[in-house]
Amino acid sequence: MKASEISTKNAKQDKLFYFVANVVVYRDSDQKCLILKRDGREKVHPNKYAVPGGKLEWKDLDINNPTRMNGDVIDFESAIEDLLARETKEEAGIEIEKELAYINSVAYVRPDGIPVLLIKFAAKYKSGDVVLEVGGFTDYAWVDAEEIKQYDCIEGVREEVEKTIKIFTA
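**What to know about the overall build of the protein**
- In terms of helices and strands, the protein carries two helices and 10 strands.
- Taken from the N to the C terminus, the helices and strands of the protein come in the order β-β-β-β-β-β-α-β-β-β-β-α.
- Computed over the C-alpha atoms, the radius of gyration of the protein is 17 Å, within 12% of the 15 Å expected from 2.2 N^0.38 for a compact globule of 170 residues.
- Projected onto its principal axes, the C-alpha coordinates of the protein cover approximately 55 × 35 × 30 Å.
- Sorting the 170 residues of the protein into buried and exposed places 35% on the buried side.
- Total accessible area on the protein stands at roughly 10200 Å², and carbon and sulfur atoms take up 48% of it.
- Put simply, the protein has 25 plus and 32 minus side-chain charges, and the middle of one group is 3 Å from the middle of the other.

**Some words on helix α1 (residues 79-92)**
- Counted at 1.5 Å a residue, the expected span for α1 with its 14 residues is 20 Å, and the 20 Å between its end C-alpha atoms agrees.
- At its buried positions, α1 is contacted by β1 (18-27), β2 (32-38), β4 (53-55), β7 (95-96), β9 (115-127) and β10 (137-143).
- Note on α1: the residue one or two positions beyond its end, G93, has a positive phi of about 75°.

**Section: the environment of E95**
- Inspection of the secondary structure assignment puts E95 in strand β7.
- It is 9.0 Å that separates the C-alpha atoms of E95 and D129, two residues lying 34 residues apart in sequence.

Conventions used here
Residues numbered from 1 in each chain as written. Predicted model: local features only at pLDDT ≥ 70, side-chain atom pairs only at ≥ 80, totals over all residues. Heavy atoms only, no water. Helix = DSSP H or I, 4+ residues; strand = E, 2+ residues; numbered from the N terminus. Rg over C-alpha atoms; globule rule 2.2 N^0.38 Å. Buried < 20%, exposed > 50% of the residue type's maximum accessible area, 1.4 Å probe, protein only. Areas by Shrake-Rupley, 256 points an atom, 1.4 Å probe, with all protein chains shown as cover. Lys, Arg positive; Asp, Glu negative; His and termini not counted. Charge placed at Lys NZ, Arg CZ, Asp CG, Glu CD. Expected span 1.5 Å × (residues − 1). Contact = heavy atoms within 4.5 Å.

Here's what the structure looks like:
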């Protein structure tokens, strides 16, 4: 029987977590990647440079509008691509290409005790001028593998920028 609502009432408590996706945006014209400085009020990694991304939310899974039915299972194809396109537009004001390249993943526990599964991707810049989300970010830079060393980044961001540049220049 098809689900009629999204709920965690039947989920195992020890299986619940946030699903987060990040994207390193690569610009072909100068072979640089976008980094954003997180606001000092952020719960996780305040004042550190990061890349665009965000949490998958229940509103992203509108059970009345699935992309397909797979028997009794409600499917939402391109959920991650749509999430990253939306978050990049909201956080940085730019558009990215739909095609993503996998970089890596990490599971972690936030300071407030919430477990998170983070999957990281690379995507090419498509269009737009950077306009930072008010209250979310305070600065940005387009950087290459050397320039990023001058910025106080979340652990792993430097390596992800380097990997992204290699993916798109190989």
